[in-house]
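Secondary and tertiary structure notes
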Amino acid sequence: MSTPAPSASKGTVVTGVIGDDVHVIGIRIMEYALRRSGFAVVSLGPLASQKEFVEAAIETAADALFVSSLNGHAELHLPGLRGACVEAGIGDILIYAGGQLTIRQPEWSGVERRFTQGMGLDRVYPPGTSPDVPIRDLAADIAARRRRAGAAAEASE
Ligand code: B12
């Protein structure tokens with residue numbers, strides 16, 4: 001596991017390719033773009049398990065998980081990830097997934113619903129997504145998450 005640069009401040013993201021999947025090129029590009037945009041990246045590389053994602057997120061107090069999957073097995077390896085985060089006490093972590101989440105390319109809105117409403121992921125992206133789009137979403141989601149945490153802390157004082 002590579003550790004984040006200490007200077008990065010926009011947020012920390014744990015990245016990896018989940019399950020039995022070795023397609024690592026896309027997530028490497030995503031990692032490069034995240035770092036260039038000021039995020040700290042904790043890279044698990046290919047063949048990463050749910051447990052590794054959760055443990056790395058706890059260890060680094062990450063804001064988000066970026067889960068990549070291309071070999072068509074995402075529907076085997078992503079269910080249960082949100083539950084594992086909840087169980088580990090990091091239930092509010094952002095979870096994004098991208099790559100080629102399904103076998104072939106069925107209608108995208110149905111795929112998106114299965115992974116978000118069905119599995120509790122925050123956002124999923126279709127094949128060929130440019131890194132700019134998830135990075136913009138991530139900055140907005142982290143800002144909203146920090147605002148909520150700040151408001152909750154104020155309310156409890
Ligand atoms: C290169 C490649 C390989 C290489 C991988 C090398 C490596 N170490 O990475 C090798 C030869 C090893 C390989 C093996 C296999 N492959 Co292959 N492979 C490809 C190929 C040609 C390109 C993938 C790639 O690198 N794209 C370039 C990157 C830049 O794009 P990307 O990954 O989509 O990533 C971008 C975005 O999607 C996004 N992104 C990616 N991840 C994430 C995550 C998040 C959170 C976000 C926000 C964004 C994001 O950011 C990236 C930058 O824009 C694709 C076909 C294709 N044209 O896509 C098939 C493909 C993915 N492979 C496929 C298959 C079936 C296999 C094998 C099962 C073949 C076999 N029978 O052995 C094995 C699986 C091995 C395994 N255990 O995983 C299928 C998958 C089928 C499906 N999903 O329906 C594809 C689609 C080919 C096909 N048309 O059938 N493969």
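Heads up: the structure comes first, above all this text.
Presented here is an overview of the structure given in this document. Fair warning: this is a prediction, and the values are worked out from it, not measured in the lab.

Another point: the packing of aromatic side chains. Summed over the entire model, instances satisfying the criterion amount to two aromatic pairs. Here Y96 and Y125 contribute two aromatic rings whose centre-to-centre distance is 5.9 Å and whose plane-to-plane angle is 55°, an arrangement assigned as tilted. Of the two residues, Y96 sits in strand β4 (residues 94-99) while Y125 sits in the loop between β5 (123-124) and α6 (132-155), which places them 29 residues apart along the sequence. Comparing Y96 with Y125, the two get one shared label, buried.

Looking at the protein side alone, the cobalt atom of the ligand has one donor only, H23 (NE2), at 2.2 Å. Along the chain, H23 falls in the loop between β1 (12-17) and α1 (25-36).

Before going further, it helps to spend a moment on α6. Here α6 contains 24 residues, and its C-alpha end-to-end distance of 35 Å stays within 8% of the 34 Å for a straight helix at 1.5 Å per residue. Restricting attention to buried positions, one finds in α6 the residues P134, I135, D137, L138, D141, I142 and R145. For α6, the elements touching its buried residues are β1, α1, β3 (64-69), β4 and β5.

We now examine the layout of surface pockets. Rolled over the atoms, a probe sized like a water molecule indicates the empty space that remains. Its boundaries defined by the atoms lining it, the largest pocket holds a volume of some 330 Å³. Taken together, 20 residues make up the lining of the largest pocket; nearest its centre are G26, M30, G98, G99 and T129. Those elements giving two or more residues to the lining of the largest pocket turn out to be α1, β3 and β4.

Right, let's get into the pairing of β4. Burial analysis of β4 places five of its six residues in the buried class, which makes it a mostly covered element. Two elements, β3 and β4, share six bridges in a ladder whose sense is parallel. Looking at β4, one finds that F66 is bridged to Y96. Examined bridge by bridge, β4 and β5 share two bridges and lie parallel to one another. Bridge assignment links Y96 to a residue of β5, and that residue is R123.

Here is what the cut-offs are and how they apply
- Residues numbered from 1 in each chain as written.
- Predicted model: local features only at pLDDT ≥ 70, side-chain atom pairs only at ≥ 80, totals over all residues.
- Heavy atoms only, no water.
- Phe/Tyr/Trp six-rings, centres within 6.5 Å; stacked < 30°, edge-to-face > 60°.
- Helix = DSSP H or I, 4+ residues; strand = E, 2+ residues; numbered from the N terminus.
- Buried < 20%, exposed > 50% of the residue type's maximum accessible area, 1.4 Å probe, protein only.
- Donors = N, O, S within 2.8 Å, 3.2 Å for Na, K, Ca; no water.
- Expected span 1.5 Å × (residues − 1).
- Contact = heavy atoms within 4.5 Å.
- 1 Å grid on protein atoms, 1.4 Å probe; cavity = no way out; pocket = protein on both sides within 12 Å on 5 of 7 lines; lining within 4 Å.
- Points joined across faces, edges and corners; volume = space filled by probe spheres on them.
- Pairing = 2+ DSSP bridges.

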